[in-house]
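# A structural walkthrough
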Amino acid sequence: MLNLSFYKGKKVLVTGHTGFKGTWLCMVLAEFGADVTGYALETTAGVNFLELCKISDKINSVIGDIRNLESLKDVFYKTNPEIVIHMAAQPLVYKAYQKPVYTYEVNVMGTVNVLECVRCTPSVRSFVNVTTDKVYKNKEWEWGYREEEELNGYDPYSNSKSCSELVTSSYVKSYLKQRDIAVSTMRAGNVIGGGDFAENRIIPDCVRGVYGKQKIEVRNPSSVRPYQHVLDAVTAYLMVAQAQYENIEYAGNYNVGPEEEDIIETGEIVELFCRFWNQTVGEKAEWCVKGAKEFHEANFLRLDCSRLKKKFQWRSVWNIEKAVKKTAEWYAAYKKGEQISKCMKKQIEEFLMDRTQNFGVK
């Protein structure tokens, strides 16, 4: 159901636009002529992904903290967005263990602030809150969680995202439904792709290992996760934002994850990365188990995406092998000093072409 030409000229506000997923989302929107405003802190990952994409002149980039309600209100007032996609967050499990108060401030009160701005801005018609697959109370099931399952994340990060979902639900029932503002939450699985330089994430850890010509250290190789390419995730967000803009009946809560056969162990995804790195760069990559886990992590995490598939005829475009291959190609291009914006545009074009060929949609 996604039609990216819908976004031409649409006023879209993206929180967290300097992050990994936020930058990819803005890149897609800019390519299709959207009037994009981004609101986020400067990246702390050590690499300015937004600058690498060379889209600073194509979007209105505002540096600000979503904990600052007055600053955020001013941006909403000046831009009058029609569509808001909320991605700003403290997204790291390990950092949440170290800084729980900060994590709750950003992920919970930050969501409150964004929703308050949505409530007070007459131009907004569609709002998407991007959360995580970790919002569910994890019972170590080997089958996928559905949207009706209990929300009660274990660790401070996961729990703060569960709270973000509850805040969103309250605002919908108390204010936004009466205003006919369409609201959805999107619970994505583990997202991979070029441009992620965060600490304690499996692909960035792989990249740091091969860049440093060292063995990749893997914390929990037997953990099962729903890995998917970032373009599958962000185009799903845009699909829902568009559909509910046109028909509020599409608003709801949605899991976004790969096909069942692409839900694999962490050790398997590392093996794939090593293989494609060798093919792409010609350098042998190896990995080893790091040792004892530093903090609690779920062993099994799967998503049931039946709702998204039924309502939108949605399917993942890239399977896990292609997702890892395209990820390795991105980091190889970055290592060689190639033009990243060109690499990303090519991958977006390939993704959309594969989408058309596989599913007959544009």
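As shown above, the structure is provided for reference.
Here, residues in each chain are numbered from 1, in the same order as that chain's written sequence. Restriction of local features to residues with pLDDT of at least 70 applies here, the model being predicted, together with a cutoff of 80 or more for giving and counting side-chain atom pairs; totals for whole chains, interfaces and linings are based on all residues. Water and hydrogen atoms play no part in the side-chain values, which are based on all heavy atoms of the structure.

With that settled, the discussion passes to the overall build of the protein chain. Assigned secondary structure in the protein chain consists of twelve helices and twelve strands. The globule rule used for comparison is 2.2 Å times the number of residues to the exponent 0.38, while the radius of gyration itself is calculated over C-alpha atoms. The globule rule puts the C-alpha radius of gyration for 362 residues at 21 Å, and the 19 Å found for the protein chain is close to it. Its C-alpha atoms give the protein chain principal-axis dimensions of about 55 × 40 × 40 Å. Only protein chains enter the accessibility calculation, which uses a 1.4 Å probe; a residue whose area is less than 20% of its type maximum is buried, one above 50% is exposed, and one in between is partly exposed. Looking at the protein chain as a whole, 57% of its 362 residues qualify as buried. In the protein chain, of all internal contacts separated by at least 6 residues, the share reaching a separation of at least 24 is 81%. Working note: accessible area of the protein chain is about 15300 Å², and carbon and sulfur atoms make up 47% of it. His is not counted here, nor are the chain ends, while Lys and Arg score as positive and Asp and Glu score as negative. Charge coordinates come from a single atom per side chain, which is NZ of Lys, CZ of Arg, CG of Asp or CD of Glu. Averaging the locations of the 48 positively and 46 negatively charged side chains of the protein chain gives two centres separated by 3 Å. Here a strand is any run of E in DSSP of at least two residues, a helix any run of H or I of at least four, and the numbering for each starts at the N terminus. When checking whether two residues touch, look at their non-hydrogen atoms; a contact exists if any pair is within 4.5 Å. Using a 1.4 Å probe, the Shrake-Rupley method yields the accessible areas, and only the shown protein chains count as cover for residues.

Time to look at the sheet that holds strand β4 (residues 83–86). Any two strands between which DSSP finds at least two bridges are classified as paired. Reading across the sheet, the seven strands line up as β3-β2-β1-β4-β5-β6-β10 and stay open at both edges, with parallel pairing between neighbours. The outermost strands of the open sheet, each flanked by one partner alone, are β3 (60–63) and β10 (253–256). The average angle at which neighbouring strand axes cross in this sheet is 15°, direction not considered. Each axis is a line fitted through C-alpha atoms, and for a helix only the stretch in contact is used; angles between axes span 0 to 180 degrees, taken between their N-to-C directions. Where helix α1 (residues 20–31) meets the sheet, it contacts β1 (11–15), β2 (35–40), β4, β5 (126–130) and β6 (182–188), and its direction lies at approximately 165° from that of β1. In this fold helix α6 (residues 156–176) packs onto β5, β6 and β10, with an angle of close to 165° to the strand it touches most, β6.

On to the pattern of salt bridges, then. A side-chain nitrogen of Lys or Arg and a carboxyl oxygen of Asp or Glu constitute a salt bridge if their distance falls within 4 Å. For the coordinates displayed, the defined rule picks out 21 salt bridges. Among the salt bridges present, the one from Lys-345 reaches Glu-31, with a minimum N-O distance of 4.0 Å. Of this pair, Lys-345 sits in helix α12 (residues 340–359) while Glu-31 sits in helix α1, and the two are 314 residues apart along the sequence. Lys-345 sits in the partly exposed class, given a relative accessible area of 31%. We note a salt bridge from Arg-302 to Glu-260, for which the minimum N-O separation is 2.6 Å. Of the two residues, Arg-302 sits in the loop between β12 (287–289) and α10 (306–312) while Glu-260 sits in the loop between β10 and β11 (263–265), which places them 42 residues apart along the sequence. On the basis of relative accessible area, Glu-260 is assigned to the partly exposed category, the value being 48%. Several salt bridges share partner residues, and in doing so they unite Glu-31, Lys-58 and Lys-345 into one network.

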